[in-house]
Amino acid sequence: SNLNNNSNNASIGGVNDEYNTRIDHSMSEKQRLFGRYSYWTNLSLPVQPYNNAVCQDRCAETWTSKSFVLGDTYTLSPTTIADLRISFLRFVYDRTPSTLGTDLTKFGFPAALNNQVSFQVIPTPIVTGFSDVWTTQGPGSAIHQRNDSYSLYPSVTKIMGSHTVKIGGEVRRQITNYIQSNVGSGLYNFDNLFTSSNPYVSGGGGTGVGFASFMLGLGASGSIVTPSPYSYRNYYAGVYASDTWQASKKLTLNYGLRWELPFPQVERYDRFTNLLPNAPSPIGQAAGIPNLMGRLGLVSSPDNPSRYAAATHLRLFAPRFGFAYRLNEKTVVRSGYGIFYVQNDGGGGSQLTSVTQAWVPTVDGELTPVATFSNPYPTGLIQPPQRNANFQTLLLGTSISAPVRGTDSQHFGYLQQWNFNIERQLLDGMVLEVAYAGSKGTHLVGGPQLNQLPDQYLSLGTGVLQNQVTNPFYGIIPFGSLAQPKVAYGQLLRPYPQYTGVTASNDGNRDTVYHSLQVKMEKRFRKGGSVLAAYTYSRNIGDIETGMGWLEAGPLAGIQNNNNLRQERAASGFDVPHRLIVSYVYDLPFGKGRTFLNSANRLTEGLIGGWGVNGISTFQAGFPLTFTTSTNATNSFGGGSRPNYVGGCDPVVSGSAQSRLNSWFNTSCFVAPPASTFGNLGRTLTSVRTAGIANYDFSVFKSVDLTERFRLQFRTEFFNIFNRAQFGPPGQVRGNAQFGVVSSQLNLPRLVQFALRLNY
């Protein structure tokens, strides 16, 4: 049965140790030194739900960091203080697959692959309808990382009457040594089309089974990443000047300017490249296409004499301004504005230090197999070309990504942030704060696909675009789908047909905007305790998602049509319109120094005195949904595919979350778009969202005064005290059996924790 009919819990755990040492020394009345050393290590055990050494998601992980800081503060005069800090940080991280060393011949692979893969681990099959067996960072995800950071922070503070001026700077040197592969022995996708009656009909016309395709070894797509270690180095410098001016008893002004100089990265062995989209391709004449454009250029070569793949920016000035004005004794107004730059040089070394090679199981739309699962790469694996003189040829037929140097795409990304705040004391011990906060991201890097088929060719239809024609690159391109005698006609209509993908990694053509209304109310009680409630109403809009999707709890939407980014503007995948947090601390009014039983004897005080409670309650709206289709029938050669929304249909399903687990939304409102067209659904859907948060954490504590100096506190803490479930997102792939079905839980069940703390 094509159902997820197995559920299993896996044990998790680890060990975390941290040590901190600090020494302070007064050299004289004017000079004080301090030194701090910190050591932190963490071991995270692998998650193995089937107890067979195969991890779901990540395997064993270890982190270790060592940091040292030396500070020197010198009082030059009663109004002038100089400060100097020097720091060093070393970070070590290893992710080790439990299947490392697996003999790939066990899966029918040729023995030669054992020596060609970067990490000899179990391969990763992803079967439509069964993809929850493990994630795409499953049994073969491996990382080795070593980072060093050296920093110098000098500053001088000068008090001049009502002005406090601070001038300083920062110099930083960072080194990154890294190798990673999430699919060391390859990722292999299997859908229903190879076993369907008509793969050219959307979704195969409801015929065929993905697991049957898997059993036959007839896949839909896949890839394998073959990396080599790299070593990046970059410098950062910045200087700033700021002034805090007490203009009057009621008005305080803060203003300053920061100049930043983030040098682009360099690679130890100069294995960076630039994308040259308008340069003639070296294979144009041989392929009979004299006007063929697009190639890569090496750094430290005639194409780019510099070691930098990106341009150096010298005009990154970041002003900041703020003020605080006291209207009266109970009301304060605050506001501020600032510009903050984000480094986006785009790297440029992935082509020479890592190669992603596509598995080409078919070249005619899953009608005829070319390479089955038993021998997915019959001509062998491409190894990273390094600075091989033949690197251009080795990268033909692959997907390339590099920064474009010296063009408008080199705009440096920056954020503008601003706020306006009013704080008012209402009653004794009660404060109300109302604020507006916003930000705007400009020239953010999104890395669009430059090699997508131009939209005007979509009208040719599937029959023409997928028609197999003579391949002009046959015999020139050594690997992949473009090494076959025949090629899809649509591939030859792409802007750079000699590649399967071309990405400008530093495009800088995306933007975001965030607006929020923030309300905070706090009440402090005279005899111990407080209540704080904070509510945020916000909207996050843009045409780009975070580059660190694995850190986000919400789904992230991909791009459907790279040729029309304007249509990609929508609410972000992590947009949260409503969030309310209520926290409280309350000392129960019994015992010595309290309202009741203040004169209780020692026994009574020991039983009822010193008790208190605290807690945090969190309520949050869910994230918008991000729909795709199980089959990309757009024939866009690089674009994505979303469903069509049926006009007038209401996707909202009423009822409790528990009653909607098998039908979170009205699935009939979304249909597959006709072949060679894009779906009309936006990047995100805000009318239906994932399950929100309604979580209650509570603790009760008892404090005992042992002596005047020593106090002992015992705490019992309840996390998710009501054992509420926060359900995971529903299936959002139209055409899959799990479409609209919720099959996971995001939060942990109730957790009770006991703690004993000694204060002195």
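Up top is the structure these notes are about.
Keep in mind that this is a model prediction, so the values were computed, not measured.

Draft legend 1. View of the overall build of the chain. Across its full length, the chain holds seven helices and 37 strands. Its C-alpha atoms give the chain principal-axis dimensions of about 95 × 60 × 55 Å. Counting only residues that meet the buried cut, the chain has 42% of its 760 residues in that class. For the chain, the accessible surface area stands at approximately 37,800 Å², while carbon and sulfur atoms represent 57% of it.

Draft legend 2. Looking closely at a nonpolar patch on the surface. A contiguous nonpolar patch, built from Tyr 37, Phe 68, Leu 70, Leu 84, Ile 86, Leu 152 and Val 171 and spanning about 560 Å² of accessible area, is present on the exposed surface. Among the secondary structure elements, those contributing two or more residues to the nonpolar patch are β3 (60-77) and β4 (80-96). With respect to the helices and strands, Ile 86 occurs in strand β4. Residue classification places Ile 86 among the partly exposed residues on the basis of a relative accessible area of 40%.

Draft legend 3. Layout of the side chain of Arg 689. One can find Arg 689 in strand β33 (residues 685-689). Here Asp 575 takes part through its side chain, which lies 2.9 Å from a polar atom of the side chain of Arg 689. Looking at Arg 689, its side chain comes within polar contact range of the main-chain oxygen of Gly 622, at 2.9 Å. In contact with Arg 689, not counting residues within four places along its chain, are Asp 575, Pro 577, Gly 622, Phe 623, Pro 624, Leu 625 and Trp 664.

Draft legend 4. Representation of the packing of aromatic side chains within the structure. A full pass over the atoms with the stated rule returns 30 aromatic pairs. Pairing Phe 714 with Phe 754 gives two aromatic rings, centres 6.3 Å apart and planes at 15°, and the pair type is stacked. One end of the pair, Phe 714, is in strand β35 (residues 711-719); the other, Phe 754, is in strand β37 (residues 751-759), with 40 residues separating them in the sequence. Every member of this aromatic cluster is reached through a ring pair, and the members are Phe 109, Tyr 188, Phe 190, Phe 211, Phe 214, Trp 359 and Phe 373.

Draft legend 5. Summary view of the pattern of salt bridges. Applying the stated criterion across every chain, the model contains 19 salt bridges. Close ionic contact of Asp 270 with Arg 307 constitutes a salt bridge, the shortest N to O distance being 2.7 Å. With Asp 270 in the loop between β12 (266-267) and β13 (273-280) and Arg 307 in the loop between β14 (293-298) and β15 (316-328), this residue pair connects regions lying 37 residues apart in the sequence. Taking the relative accessible area as the measure of exposure, Arg 307 reaches 32% and is therefore partly exposed. Three or more residues joined by partner-sharing salt bridges are found here, namely Glu 170, Arg 172, Arg 258 and Glu 260.

Thresholds, definitions, all that
- Residues numbered from 1 in each chain as written.
- Predicted model: local features only at pLDDT ≥ 70, side-chain atom pairs only at ≥ 80, totals over all residues.
- Heavy atoms only, no water.
- Helix = DSSP H or I, 4+ residues; strand = E, 2+ residues; numbered from the N terminus.
- Buried < 20%, exposed > 50% of the residue type's maximum accessible area, 1.4 Å probe, protein only.
- Areas by Shrake-Rupley, 256 points an atom, 1.4 Å probe, with all protein chains shown as cover.
- Patch = residues over 30% accessible without salt bridge, like charges linked within 9 Å, V, L, I, M, F, W, Y side chains within 5 Å.
- Salt bridge = Lys/Arg side-chain N within 4 Å of Asp/Glu carboxyl O.
- Polar contact = N/O pair within 3.5 Å; in protein donor to acceptor, adjacent residues only side chain to side chain.
- Contact = heavy atoms within 4.5 Å.
- Phe/Tyr/Trp six-rings, centres within 6.5 Å; stacked < 30°, edge-to-face > 60°.

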